[in-house]
Amino acid sequence: MKKSIITLMVVLATIVFSGTAVSGVEFLRGDQALTEDSKAPEKKKQMIVKGNIDRSYKIQPPMIPHKIDKEQINMKVNTCMKCHSEKTYKEKKAPKAGDSHYVTRDGKVQETVSSRRYFCNQCHAPQVEAKPLVENTFVGAK
Ligand code: HEC
Ligand code: HEC
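About the criteria used
- Residues numbered from 1 in each chain as written.
- Chains lettered and ligands numbered in written order.
- Predicted model: local features only at pLDDT ≥ 70, side-chain atom pairs only at ≥ 80, totals over all residues.
- Heavy atoms only, no water.
- Near = heavy atom within 4 Å.
- Polar contact = N/O pair within 3.5 Å; in protein donor to acceptor, adjacent residues only side chain to side chain.
- 1 Å grid on protein atoms, 1.4 Å probe; cavity = no way out; pocket = protein on both sides within 12 Å on 5 of 7 lines; lining within 4 Å.
- Sits in = over half its atoms within 2 Å of the grid points.
- Nonpolar A, V, L, I, M, F, W, Y, C, P; charged D, E, K, R; others polar.
- Salt bridge = Lys/Arg side-chain N within 4 Å of Asp/Glu carboxyl O.
- Buried < 20%, exposed > 50% of the residue type's maximum accessible area, 1.4 Å probe, protein only.
- Donors = N, O, S within 2.8 Å, 3.2 Å for Na, K, Ca; no water.
- Tetrahedral: all angles 85-135°; square planar, octahedral: opposite > 155°, others 65-115°.
- Helix = DSSP H or I, 4+ residues; strand = E, 2+ residues; numbered from the N terminus.

**Student:** Account for the site of ligand 1, with residues named and values stated.
**Tutor:** In the vicinity of ligand 1 there are 19 residues, among which Asn-52, His-66, Cys-80, Cys-83 and His-84 approach most closely. At a separation of 2.8 Å, a nitrogen atom of ligand 1 approaches a polar side-chain atom of His-66. Within the side chain of His-84, a nitrogen or oxygen atom sits 2.8 Å from a nitrogen atom of ligand 1. The site holding ligand 1 turns out to be the largest pocket. Along the lines of polarity and charge, the residues of the shell around ligand 1 split into ten nonpolar, five polar and four charged.

What follows is the structure, given as C-alpha cells:
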C-alpha cells in the first residue's frame, strides 16, 4: 500500500475514534474509547402532545402523542393493547391499531396482533423535549 493512503487512513481513524465527527457534532456516545462501555443516555421526560402528530410521509408509523413510560411490552403482556385493540379502542377513545397489525408474514389475518407488530415501540416513538442534534429545515409531507 502506498504511504499516502496509510497516512490518510490513520488520520480518518483518529477523527472517528476521537468521538467528534467532522462536522463538529459530538457522537452520542461522547468521547469514549470504543473499548469502554458507553454511558447510559440521559433520561428525558416524555411529552404529551395535544392532538395527533402530523406524519412526515405517507406510510410513516404515526408518532405517539402520549407518554408510554408506564407501559410494558413483554412475553406476558402488551399494555398498549389495553387501549388500542379491537375490543377496547372505542371505550378508551383511542385509535385502533391498523388492520395491517393483525396480518402474519404469510398474509393470514389473525385475532391477536401479529408477532411482526408486537413490539410497538420498534416503529412508534414517543416524544421528548429534545433539540435536534443538527439544525435543519426539514418539513414533512402534509
Ligand atoms: C390508556 C390508554 C392508552 C394506552 C395504554 C396506550 N395508548 Fe396510544 N393512544 C391512546 C389515545 C387516547 C390516543 C389518541 C391521542 C391521545 O389522546 O393521546 C393514542 C394515540 C396513539 C398513537 C397515535 C396514532 C395516530 O394515528 O396518530 C400511537 C401510535 C399510539 N397511541 C401508540 C401506543 C403505544 C405503542 C402504546 C404502548 C407503548 C400505547 N399507545 C398505549 C391511548 C392509549
Ligand atoms: C413494523 C412496524 C410497526 C409495529 C411494530 C407496530 N406498528 Fe402501528 N403502525 C405502523 C404503520 C406503518 C402504521 C400506519 C399504516 C398502517 O396502519 O398500517 C401504523 C399505524 C398505527 C396506528 C394508527 C392507526 C390509524 O388508523 O391511524 C396505531 C394506533 C398503531 N399503529 C398502534 C400500534 C400498536 C399498539 C402496536 C403494538 C401492538 C403497533 N402499532 C406496532 C407500523 C407499526
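**Student:** A description of the pattern of salt bridges should follow, citing residues and the corresponding values.
**Tutor:** According to the stated counting rule, one finds two salt bridges in the structure shown. A salt bridge links Asp-99 to Lys-96; the shortest N-O distance between them is 3.4 Å. A residue is classified by how much of its surface remains accessible, and Lys-96, at 29% relative accessible area, is partly exposed. A single network of salt bridges, built from pairs that share partners, joins Glu-86, Lys-96 and Asp-99.

**Student:** Pulling in residues and values, what's your account of the coordination of the iron atom of ligand 2?
**Tutor:** At this site the iron atom of ligand 2 is bound by His-101 (NE2) and His-124 (NE2), with donor distances of 2.0 Å. Geometry at the iron atom of ligand 2 is octahedral, judged from the six donor atoms that bind it and their angles of 87 to 178° at the metal. Of the two residues, His-101 sits in the segment after helix 3 (89-92) while His-124 sits in the segment after helix 3, which places them 23 residues apart along the sequence. We note that His-101, like His-124, is buried.

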